[in-house]
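The residues making up each chain are set out below.
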Amino acid sequence: MNAAEVAAQYGLQKVGARPGLWTYLKQTWARRDFAYTLAKSKIQARNQANRLGIVWEILKPTLNALMYGAVFGILQGGNRPSNYPAYVVIGVFLFEFFSEAMSHGARSITGNRSLVQSLNFPRMTLPFSTVIQQLLTLAPMLVVMGIYVLILGGKPQWGWLLMIPLVALFTLFNMGIALIFARLTVHLADLTQLIPLLTRVMMYTSGVLFSVEKIFAAHPWVVEVYNFHPIYQTLEIARGIMLDHHYDQMHWLYLSIWSVVILIAGTVFFWQAEERYGREH
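Residues numbered from 1 in each chain as written. Predicted model: local features only at pLDDT ≥ 70, side-chain atom pairs only at ≥ 80, totals over all residues. Heavy atoms only, no water.

**Q** Could you give me a rundown of unusual backbone geometry, with the residues and numbers involved?
**A** Glycine aside, residues mostly have negative phi angles, and peptide bonds mostly take the trans form. We note that Asn83 has phi near 50°; this positive angle belongs to a residue other than glycine. Looking at where Asn83 falls in the secondary structure, it is placed in the loop between α4 (54-76) and α5 (84-106). Residue classification places Asn83 among the partly exposed residues on the basis of a relative accessible area of 27%. (Helix = DSSP H or I, 4+ residues; strand = E, 2+ residues; numbered from the N terminus. Buried < 20%, exposed > 50% of the residue type's maximum accessible area, 1.4 Å probe, protein only.)

See below:
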């Protein structure tokens, strides 16, 4: 009997061995308190490093909305949607959640290599914690976004509560994206250099700063393609909720499907490489 057979007989397992998917998910869920605490500690550390603290988290998307909104507003001319300032604020604030979840999720393993190499825990906890961190950051941003919308002519109504399930769906989608990029950057370290460019391109092409229906009015097939774009769907639903803009109610169904599919795909994709995290340089 060799050493491997003896180890198996006594229930010994290889360090860092990948458990079954269901067991892996239960182990990750059991460490949810750790993920939440890690997320809070990173927010506190980041706020302490900045003189403005949490104010900067709100000031950053505000400045982006002002700058990009002004530039794109001038370029669009008469193709600007109604209540354009509020339209841009909603787009920029929600897109910030996506871009930060993707970029920080991509570095969740490579940026915590010492932790990954020294402790035995499900590595999914790290991208999970990253998305929690961005969700906690989003909470005050949503309050400020609502205030901006009111200042810019919006009217509060009970329908605004639909933002809760919308953010929940968007969080699931972002979690799947974070898991996918967390694994990709482990294998392709240079990908982290391209992510800022990728997020910028997605910002310019996802309807964050313009009305797809007006810009592509002469090309209805392009509008139909956008109707299956998960980020565009999220923004259109949010604008429909907070600004009473017309949007296709089917976007809820499409976004739900996207969120579940991306989350499942990201979970399986990340789990399959569990044994390799911390071993690649």
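Don't stop here, the text continues.
**Q** Lay out the pattern of salt bridges in plain terms, naming residues and giving numbers.
**A** What the rule picks out here adds up to three salt bridges. Between Glu96 and Lys60 there is a salt bridge whose closest N-O contact spans 3.3 Å. Here Glu96, found in helix α5, pairs with Lys60, found in helix α4; they are 36 residues apart in sequence, far enough to count as distant. For Glu96, a relative accessible area of 10% translates into the label buried. By relative accessible area, which is 28% here, Lys60 ends up partly exposed. (Salt bridge = Lys/Arg side-chain N within 4 Å of Asp/Glu carboxyl O.)

**Q** Outline α5, listing residues and values.
**A** With 23 residues, α5 should cover 33 Å at 1.5 Å per step; its first-to-last C-alpha distance of 32 Å lies within 8% of that length. With respect to burial, α5 is a largely interior element, 21 of its 23 residues being buried. (Expected span 1.5 Å × (residues − 1).)

**Q** Before we move on, could you go through helix α7 (residues 125-151) and cite the residues and values that matter?
**A** For α7, which comprises 27 residues, the first-to-last C-alpha distance of 39 Å matches the rise-based estimate of 39 Å (1.5 Å per residue) to within 8%. Along α7, the largest kink reaches about 30° and is centred on Ala139; proline Pro140 follows within four residues of it. Phi for Gly153, located one or two positions after α7, is positive at around 110°. (Bend = angle between axes of the 7 residues up to and from the residue.)

**Q** Report on the packing of α5 against helix α12 (residues 230-243), specifying residues and quantitative values.
**A** Relative to each other, α5 and α12 sit at 135°, their axes nearing to 10 Å. Taken together, the axes of α5 and α12 lie oblique to each other. In this structure, α5 meets α12 at a crossing whose hand is right-handed. Contacts from Ala86, Tyr87, Ile90, Gly91, Leu94, Phe95 and Phe98 in α5 reach Ile231, Leu235, Glu236, Ala238, Arg239, Met242 and Leu243 in α12. A per-class count over the contact of α5 with α12 returns eleven nonpolar, one polar and two charged. (Axes fitted to C-alpha atoms, helices over the stretch in contact; angles between N-to-C directions. Parallel < 35°, antiparallel > 145°, perpendicular 65-115°, else oblique. Left-handed = near helix turned anticlockwise from the far one by under 90°. Contact = heavy atoms within 4.5 Å. Nonpolar A, V, L, I, M, F, W, Y, C, P; charged D, E, K, R; others polar.)

**Q** I'd like a rundown of the side chain of Ser206, residues and numbers included.
**A** Structurally, Ser206 can be placed in the loop between α9 (191-205) and α10 (212-215). Accessibility expressed as a relative area gives 0% for Ser206, which makes it buried. At a separation of 2.5 Å, a polar atom in the side chain of Ser206 contacts the main-chain carbonyl oxygen of Met202. (Polar contact = N/O pair within 3.5 Å; in protein donor to acceptor, adjacent residues only side chain to side chain.)

**Q** Give a description of the packing of aromatic side chains that names residues and reports values.
**A** Enumeration according to the criterion identifies eleven aromatic pairs in this entry. Residues Tyr68 and Tyr204 carry aromatic rings whose centres are separated by 6.1 Å and whose planes lie at 70° to one another, so their mutual orientation is edge-to-face. With Tyr68 in helix α4 and Tyr204 in helix α9, this residue pair connects regions lying 136 residues apart in the sequence. Classification of Tyr68 by relative accessible area gives buried; the value is 12%. (Phe/Tyr/Trp six-rings, centres within 6.5 Å; stacked < 30°, edge-to-face > 60°.)

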